[in-house]
Amino acid sequence: MVYAQSMIGLSKAEVKERVRSEYQDFGKDPAIVKQQFNYLKYVNRRKTRTWIIHFTDENICKSTKLVCDYSDFDEVTANLSSSFKKTGESQWEYTSGPGIIQVTLTKQEWYFTVREARKK
């Protein structure tokens, strides 16, 4: 599952290495042609999850977004609830490094997203 350890605060090189070694179900998305923003994009083998990892100008991870097919909904929500403290209908939190990471699930019509960022 994607949420074994937070990527928030890691350098781009550290994120690439962690994905390569710990998340073998995800591969870099070859569809990226022109990259305007500072991010890495991975897709799982079944193509039901897209993982977008956003970086600052200094190449430090500031947030992640997991875009999932509804076929993965039960598995993802069960993993979130068993891994983190539930703080709302579709929100969880956990402590990582010097702060709290907030995880927010948002339902869309054809997919759902799970966003992870430092709590403000």
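Fair warning: this is a prediction, and the values are worked out from it, not measured in the lab. (Residues numbered from 1 in each chain as written. Predicted model: local features only at pLDDT ≥ 70, side-chain atom pairs only at ≥ 80, totals over all residues. Heavy atoms only, no water.)

### Quick look at the nonpolar core
M7, V15, V19, W51, I53, L80 and V114 are the most contacted members of the largest nonpolar core, which has 26 residues in total. Secondary-structure elements contributing two or more residues to this core are α1 (12-22), β2 (39-44), β3 (49-55), β4 (61-68), α2 (73-83), β6 (91-96), β7 (99-107) and β8 (112-118). (Core = buried A, V, L, I, M, F, W, Y, C linked by side-chain atoms within 4.5 Å. Buried < 20%, exposed > 50% of the residue type's maximum accessible area, 1.4 Å probe, protein only. Helix = DSSP H or I, 4+ residues; strand = E, 2+ residues; numbered from the N terminus.)

### Points about α2
Along α2, the positions that sit buried rather than exposed are F73, V76, T77, N79 and L80. Taken end-on, α2 shows its buried residues confined to a sector of 160 degrees, consistent with a single buried face. For α2, exposure combined with an orientation more than 90 degrees from the buried face picks out D74 and S82. Against β3, β4, β6, β7 and β8 lie the buried residues of α2. (Arc of directions from axis to C-beta. Contact = heavy atoms within 4.5 Å.)

### Points about the pattern of salt bridges
Evaluated as defined, the whole model comprises eight salt bridges. Of the charged contacts, one joins R45 and D25 as a salt bridge, the two residues approaching to 4.0 Å between their closest N and O atoms. Residue R45 is located in the loop between β2 and β3, and its partner D25 is located in the loop between α1 and β1 (26-28); the two are separated by 20 residues in the primary sequence. Residue classification places R45 among the exposed positions, given a relative accessible area of 62%. The class for D25 is partly exposed, based on a relative accessible area of 35%. R49 is paired through a salt bridge with D72; the nearest N and O atoms lie 2.9 Å apart. Taken together, the residues R49 in strand β3 and D72 in the loop between β4 and α2 connect sequence positions 23 residues apart. By relative accessible area, which is 2% here, D72 ends up buried. (Salt bridge = Lys/Arg side-chain N within 4 Å of Asp/Glu carboxyl O.)

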